[in-house]
Structure formats: structure tokens, C-alpha cells
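Residue-level structure breakdown
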Amino acid sequence: MGEPGAPPCSSHHGVIGVCFRAMKRLLLLIPFAVLLAGCGGTSGGTGSPNQGHLGETAGVIGNKVTIILQDFTVTPAKLKLPKPGTYTFELHNEGAQTHSLEIEGNGVEKKGPQITFGQKGSFTVDLKKAGKYEMYCPVDSHKSLGMTGTITIG
Ligand SMILES: [Cu+2]
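Residues numbered from 1 in each chain as written. Predicted model: local features only at pLDDT ≥ 70, side-chain atom pairs only at ≥ 80, totals over all residues.

Take the overall build of the chain next. Broken down by element type, the chain carries one helix and ten strands. Going from N to C terminus, the chain has its helices and strands arranged as α-β-β-β-β-β-β-β-β-β-β. Counting only residues that meet the buried cut, the chain has 23% of its 154 residues in that class. A fraction of 57% describes how many contacts in the chain between residues 6 or more apart in sequence connect residues 24 or more apart. (Helix = DSSP H or I, 4+ residues; strand = E, 2+ residues; numbered from the N terminus. Buried ≥ 20, exposed ≤ 12 C-beta atoms within 10 Å, placed from the backbone. Contact = placed C-beta atoms within 7 Å.)

Put simply, the chain has an average pLDDT of 81, and 69% of its residues get 70 or more. Below pLDDT 50 for its whole length, residues 8-12 participates in one contact with residues either more than four positions away or in separate chains. Note on residues 30-46: pLDDT is under 50 here. Beyond four places in sequence and across chains, it has eight contacts. (pLDDT = per-residue confidence, 0-100.)

This next bit is on the nonpolar core. Counting 21 residues, the largest nonpolar core has Ile-67, Leu-69, Phe-89 and Leu-101 as its most contacted members. Among the secondary structure elements, those contributing two or more residues to this core are β2 (64-70), β5 (85-93), β8 (120-127), β9 (131-136) and β10 (148-153). Broken down by element, the residue count for this core peaks at four residues, all from β2. Apart from residues no more than four positions distant in its own chain, Phe-89 is found in contact with Val-65, Ile-67, Leu-101, Gly-112, Ser-122, Phe-123 and Val-125. (Core = buried A, V, L, I, M, F, W, Y, C linked by C-beta atoms within 7 Å.)

Inspection of the secondary structure puts Lys-128 in the loop between β8 and β9. Separated by 20 residues in the primary sequence, Lys-128 and Val-108 have C-alpha atoms spaced 8.9 Å apart.

Okay, the sheet that holds strand β7 (residues 108-111) next. Spatial ordering of the open sheet is given by β4-β10-β9-β6-β7, a layout of five strands whose pairing is mixed. Among the strands making up the open sheet, the edge pair consists of β4 (78-81) and β7. Direction aside, neighbouring strands of the sheet carry axes that sit 20 degrees apart on average. Pairing geometry for strand β6 (residues 102-105) and β9, over three bridges, is antiparallel. Bridge assignment links Glu-104 to a residue of β9, and that residue is Glu-134. (Pairing = 2+ DSSP bridges. Axes fitted to C-alpha atoms, helices over the stretch in contact; angles between N-to-C directions.)

On to the pairing of β9. Regular strands place their side chains on alternate faces of the sheet. Note that β9 and β10 share six bridges and pair antiparallel. The partner of Met-135 across the bridge, within β10, is Gly-149.

Another point: the environment of Lys-143. Locating Lys-143 in the fold gives a position in the loop between β9 and β10. Sequence separation between Lys-143 and Thr-73 is 70 residues, and the spatial gap between their C-alpha atoms is 8.9 Å. For Lys-143, the contacting residues outside a window of four places in its chain are Tyr-136, Cys-137 and Thr-148.

Given below as C-alpha cells:
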């Protein structure tokens with residue numbers, strides 16, 4: 001017995017207090033969980049691999065190539081183009097960082113505009129030769145962080 005640290009009533013109250021706080025925290029977490037679940041499929045690799053967070057779809061339609069840039073990926077990482085020609089690359093930045101795209105190979109070296117989150121920018125590249133080209137983000141060390149890909153033509 002002796003002397004308890006706190007009277008029973010207060011200790012009981014304390015337990016409820018903790019419980020309530022935990023529940024409140026849980027409720028606060030729920031919207032985040034829903035947000036993450038809604039977004040997770042696009043970056044996690046499940047679902048459509050070329051679908052961006054903002055509803056863009058990466059890929060080729062005619063001579064227009066849509067590229068999605070994120071922290072730190074280029075989508076699609078393996079781009080195939082049917083034949084040599086002039087292509088317009090439209091970049092969509094869905095990452096928090098500023099990104100761009102540079103295309104190199106077969107005598108070509110062309111850099112796209114630098115764009116910030118939620119923005120898009122386009123540039124045109126003359127890809128006259130069939131073969132392999134390299135593409136990467138030229139901003140800071142993003143290339144070494146994973147922002148690279150290849151373009152194969154023909
Ligand atoms: Cu980048």
C-alpha cells in the first residue's frame with residue numbers, strides 16, 4: 001500500500017486521456033493513408049507503369065513523346081520509337097525538384113527546358129539515325145540518382 005503516486009481517480013482519467021490522444025492521432029493519419037493509397041499505384045510500379053500522378057500518360061503518339069519526370073525517375077525509362085524522324089518531347093514534371101531532359105547519341109545532343117513541379121515544357125529533337133540514344137536529367141546529379149533512360153529507334 002504505502003502512498004500511491006496518484007489517486008486512483010486521476011490515474012483512471014489519465015488512461016482515457018492517452019487512449020483518446022492515440023485515437024485522435026489515428027484519425028489524423030487516415031487522410032494521409034488514403035492519399036498514399038491513391039497515389040501509390042503510380043509510383044510503386046503496380047497498375048499502369050506509364051501513368052503519372054497528375055493524370056498524364058507517358059508514351060508515344062505519332063511524333064509526340066510524353067515523358068514524365070519524377071524524383072528521380074524518367075518514365076518511360078525504355079522508350080522505343082518506330083522510325084527516325086523529328087520528335088517533339090513533352091516533359092511533365094511530377095517531382096518536387098526541378099527537372100529537365102537531355103538526349104544524347106548518334107551525334108545528337110539536345111537539352112530540353114528546365115521545369116518545376118506541375119509544369120510541362122516541350123522541345124523538338126531531330127533523331128535522324130536508327131539506333132540507341134541516351135536520355136537523362138541534366139539537373140544537378142539527378143542522372144546518378146536514377147533519372148536515366150534509353151531511346152531505341154528502329
Ligand atoms: Cu531531375
